[in-house]
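# Descriptive structure summary
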Amino acid sequence: MTERLDGPQAPSQDGAPSPRADTPKKFRLGPSPAIAIVFLLPAAILLGIWVVYPIVYSIFRSLFDASGSVFVGVENFTTIFTDRGTLVTIRNNLIWVIVAPILVTVLGLLFAVLTERIKWSTAFKLIVFMPMAVSLMAAGVIFRLVYEQDPDKGLANAVLTTVNDTFSSSQGYPDARPREGDASPVAAKDGGVATKQPAQAGQPVLIPLVGIKANTMPTNAAPALANPPPGGLSGTVWFDFTPGGQGTSGAVDPQEKGLPGMTVEAVKDGQVAATTTTAANGTFRFDGLAAGSYEVRLPQTNFTAPYRGLNWLGEALITPAIIGAFIWVWAGFAMVLISAGLAAIPRDSLEAARIDGATEWQVFRKITIPLLSPVLLVVFVTMIINTLKVFDLVFIIAPASVQPQSNVIALEMWRVSFGGGNNQGLGSALAVFLLILVLPFMIMNVRRFRREER
Amino acid sequence: MATATATVERGVHAGAPKRGLLSRGVDKLGGGAVQVVMILIGLFWLVPTLGLLVVSMRSVAVNNAEGWWTIFTKPAELTLANYSNLLATGFTASFWNTIAITVPTTILVIGIAAMAAYAFAWMDFPGRDLLFLIVVGLLIVPIQVALIPMASFYGGTGMFGSIPSVVLFHVAFGLPFAIFLLRNFFVGIPASLLEAARMDGAPEWKIFASIVFPLGKPAIASLGIFQFLWVWNDMLIALVFANPDSQPMTKALQSQMRQFGNNIDILSSGAFLSLIIPLILFFAFQRYFVQGMMAGSVK
């Protein structure tokens, strides 16, 4: 130990020599330091010029203005904390750091535990881990497609509208309305449409509507049928408009189409006695309705716009949407690391606890989690660092119009220095700010490494 | 040990066997639910990429008219036209640029880092531990810190926009991880092997080339895959330092993002082309990939 000249880092403060410090002693024939320098030189030059020098340069550069000629002190840093644009980036990074690492770690843990219970765990791990190999650029394109607003193009909204339509059957005719005037058998009422005269069974109820735009007409609409098969209270709801202006108002003409999916109610004394839905040709029939006269009405729900899903790429949801893509990319990383940690847990201790009568949840909570905590911490910290540096996904997924709302520090740094801002003073300050944010984790890494080497 | 097993067995038999049956039943039911949940999660992870593949194989008109999932009822709409159009736009050049950036970077990182890692692992020199701690510290330096300084450095030396400028930047920022990974692996090489060679008077470069490097192959393979994918998938460094002649695929595609809807043919086919090689590598070498990732995540 005495001949070692390690300087301040000599790992002998506690008197216990480290195994690492011992290895060189075994080398009576070890090479001279000059040879070590030859082996280290290429790495030292590259790290010196490309990593260490830029850190020093950036710190100095951050104290100068956009042109680089005027010393402005900490003005660039005050700008970061006062400018509304950069404050939004800090807020967004804060959301990222609070939300994403927890979600990734929890999902990774969940997947790791669940894969132990399926036979095809290798296939599952490969699938979930696969996004790790894909560029964030490609992942961005993939999720731009998923988040497309139009439910006929974007998968996310296609799923949402399908789920929604399963629970509410209304087709949605936002522009449909009855014809004005006395000739029309129906009139607007309470936001819906109702017959003016009470209707009885055996006499078809005609409900003509107008104002429907061609692009909102359902694709399954069939030519309207004026006389539905007899029996019970029945009728037809149709689009009373013949292109070219021919056709008779209030009568079903050959070219006119039924309005499918319309909810129809039979009402007596203000009470809904029966509800039904129109078929593709617009006909409806109330089965099992007591004889008598009813008011037939189309409730308001028919005339609200159909559910079109969420505006994922709009101002409000853009950050959660991008965090979703981030989770898709990183959950596999967390899962694989945590799986390895799970595999290292001695089965005996789990079995012993189970035999002692502990429930699965207690075993998980009191034994698995504490034993996993070092791995969980590594995953969590790695994700914090990643979220602080997040750039590609935001840059690719957020459309240009909402980029100010979804902006993050790393992206803002690129934007002000290279992407048109042309203010390398502020850019350097943002880079230094980013460095300061990861500094605690850098120190943590170094300390943990020293502890493990000892 | 024997007594412990005996207690365990007695415990099992003495415990309520009914409860065992019951919990097994619950396990079976739960097992079914777990299967379903896992299949759904698997689909969730698989389907978006599948969507990209289908979109890349349909015309813009079809893509604008209907969702890619309609392909299950209309498989006839598939076409490779987007890919041939893409190759006609000069995308091939950016593909070769990606290779011209990725391959030299990977080789340089492995060579330079292996040399340094060997010195850190098996040579004695003043300040060794401090220097290595600095390398550990540099592991997570954000590359943003070096963008502006190196842009002005490259501007001053006339390197700006060239492929070597991009490669060297990648190499430097790949080194801390590479040195860390390889040094930790090299330390595990049996000292007796090296000592014997040194006793025989073998020069250091020979020990490095004929003992350390071959023995380090598993770690070098992990590092190689990781480094290759990292550089292949980079966008930020290319965005700043590459010009239209030296740009890799990621930058070429990024420049098309502004008109996402109109360029979906080029974007989807380009994105899929850019990810097909990483995917092949990933499936072929996933073991090394996983090992490298675990070793790199500072245990």
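Residues numbered from 1 in each chain as written. Chains lettered and ligands numbered in written order. Predicted model: local features only at pLDDT ≥ 70, side-chain atom pairs only at ≥ 80, totals over all residues. Heavy atoms only, no water.

Now for the packing of helix H8 (residues 318–343) of chain A against helix H10 (residues 360–388) of chain A. Residue and element names in this part refer to chain A. At their nearest, the axes of H8 and H10 sit 10 Å apart, and the two run at 150 degrees to each other. The orientation of H8 with respect to H10, classified from their angle, is roughly antiparallel. The way H8 lies across H10 gives a crossing that is right-handed. Counted together, Phe326, Trp330, Phe333, Ala334, Leu337, Ile338, Gly341 and Leu342 of H8 and Thr368, Leu372, Val375, Leu376, Val378, Val379, Thr382, Met383, Asn386 and Thr387 of H10 form the full contact between these two elements. (Axes fitted to C-alpha atoms, helices over the stretch in contact; angles between N-to-C directions. Helix = DSSP H or I, 4+ residues; strand = E, 2+ residues; numbered from the N terminus. Parallel < 35°, antiparallel > 145°, perpendicular 65-115°, else oblique. Left-handed = near helix turned anticlockwise from the far one by under 90°. Contact = heavy atoms within 4.5 Å.)

Let us now look at the UniProt feature "transmembrane region" (unreviewed entry) in chain A. Residues and elements named next belong to chain A. Here the UniProt feature "transmembrane region" (unreviewed entry) sits at residues 34–60, 94–114, 126–147, 317–346, 367–385 and 426–446. In residues 94–114, helix accounts for 100% and strand for 0%; the two terminal C-alpha atoms are 30 Å from one another. Within residues 367–385, the helical portion is 100% and the strand portion 0%, while the C-alpha atoms at the span's ends are 28 Å from each other. (UniProt positions renumbered as here; feature names shortened; annotations may be inferred.)

What UniProt calls "domain: ABC transmembrane type-1" (unreviewed entry) maps, in this numbering, to residues 95–285 of chain B. Secondary structure content for residues 95–285 of chain B is 77% helix and 0% strand, and the end C-alpha separation is 22 Å.

Okay, the packing of aromatic side chains next. Considering all chains together, one arrives at 42 aromatic pairs over all chains under this definition. Seen from their ring centres, Phe449 of chain A and Phe132 of chain B are 5.3 Å apart, and the 50 degrees between their planes marks the pair as tilted. Taken as a pair, Phe449 of chain A in helix H14 (residues 424–453) and Phe132 of chain B in helix H6 (residues 128–138) lie in two separate chains rather than in one. The pair Phe449 of chain A / Phe132 of chain B is uniform in exposure class, with both members buried. Through successive ring pairs, a cluster of aromatic residues spans Trp50 of chain A together with Phe153, Tyr154, Phe160, Phe169, Phe173 and Phe241 of chain B. Here the basic side chain of Lys268 of chain A rests over the ring of Tyr294 of chain A, its NZ or CZ set 4.9 Å away from the ring centre. Note that Arg287 of chain B overlies the ring of Tyr288 of chain B, its terminal NZ or CZ placed 4.8 Å from the centroid. (Phe/Tyr/Trp six-rings, centres within 6.5 Å; stacked < 30°, edge-to-face > 60°. Buried < 20%, exposed > 50% of the residue type's maximum accessible area, 1.4 Å probe, protein only. Lys NZ or Arg CZ within 6 Å of the ring centre and 35° of its normal.)

Attention now moves to the nonpolar core. With 202 residues, the main nonpolar core has Phe169, Ile179, Phe186 and Phe241 of chain B as its most contacted residues. Tallying contributions element by element places H8 of chain A first for this core, with 18 residues. The residues contacting Phe186 of chain B, other than those within four sequence positions of it, are Ala114, Ala117, Tyr118, Ala121, Trp122, Val212 and Gly216 of chain B. In terms of nonpolar packing, the next biggest core, distinct from the first, is built from 25 residues, Leu209, Leu233, Val264 and Tyr294 of chain A among them. (Core = buried A, V, L, I, M, F, W, Y, C linked by side-chain atoms within 4.5 Å.)

Attention shifts here to empty space enclosed by the protein. Within the structure shown, the criterion is met by 6 cavities of 30 Å³ or more. Estimated volume of the largest cavity: approximately 1400 Å³. As for the largest cavity, its lining consists of 48 residues, of which Trp330, Asn386 and Lys389 of chain A together with Phe226 and Trp230 of chain B are closest to the centre. Elements that contribute at least two residues to the lining of the largest cavity include exactly H8, H10, helix H11 (392–397) and H14 of chain A together with helix H8 (163–186), helix H11 (217–233), helix H12 (236–241) and helix H15 (286–296) of chain B. The class makeup of the residues in the lining of the largest cavity is 32 nonpolar, 12 polar and 4 charged. (1 Å grid on protein atoms, 1.4 Å probe; cavity = no way out; pocket = protein on both sides within 12 Å on 5 of 7 lines; lining within 4 Å. Points joined across faces, edges and corners; volume = space filled by probe spheres on them. Nonpolar A, V, L, I, M, F, W, Y, C, P; charged D, E, K, R; others polar.)

Residue and element names in this part refer to chain B. Per the UniProt entry, the sites bearing "transmembrane region" (unreviewed entry) are residues 29–47, 95–118, 130–154, 166–186, 207–232 and 266–285 in this numbering. Along residues 95–118 one finds 100% helix and 0% strand; the C-alpha atoms at either end are 34 Å apart. The annotated region residues 130–154 carries 80% helix and 0% strand content, and the separation between its end C-alpha atoms amounts to 30 Å.

With that settled, the discussion passes to the interface of chain A and chain B. Much of the literature gives interface size as the accessible area that the parts lose upon coming together. Each partner contributes residues to the interface: chain A has 101 residues there, and chain B has 106 residues. For the pair chain A and chain B, the two sides together bury roughly 9600 Å², of which 78% comes from carbon and sulfur. Our count for the chain A to chain B interface comes out at 0 salt bridges. Of the residues forming the side of chain A that touches chain B, the biggest block, 18 residues, is contributed by helix H2 (residues 33–61) of chain A. The residue makeup of the side of chain A that touches chain B, split by class, is 73 nonpolar, 12 polar and 16 charged. (Buried area = accessible area lost by both parts, 1.4 Å probe. Salt bridge = Lys/Arg side-chain N within 4 Å of Asp/Glu carboxyl O.)

So, on to the packing of helix H7 (residues 144–157) of chain B against H8 of chain B. Angle between the axes and distance between the axes: these two values describe a pair of packed helices. Residues and elements named next belong to chain B. Remark: H7 packs on H8, axes separated minimally by 12 Å, with the N-to-C direction vectors making an angle of 140 degrees. Taken together, H7 and H8 sit at an angle that is classed as oblique. Considering only the axes of H7 and H8, their crossing is right-handed. Residue-level contacts link Ala146, Leu147, Met150 and Tyr154 of H7 to Ser165, Leu168, Phe169 and Phe173 of H8. Of the residues that constitute the contact of H7 with H8, the class distribution is 7 nonpolar, 1 polar and no charged.

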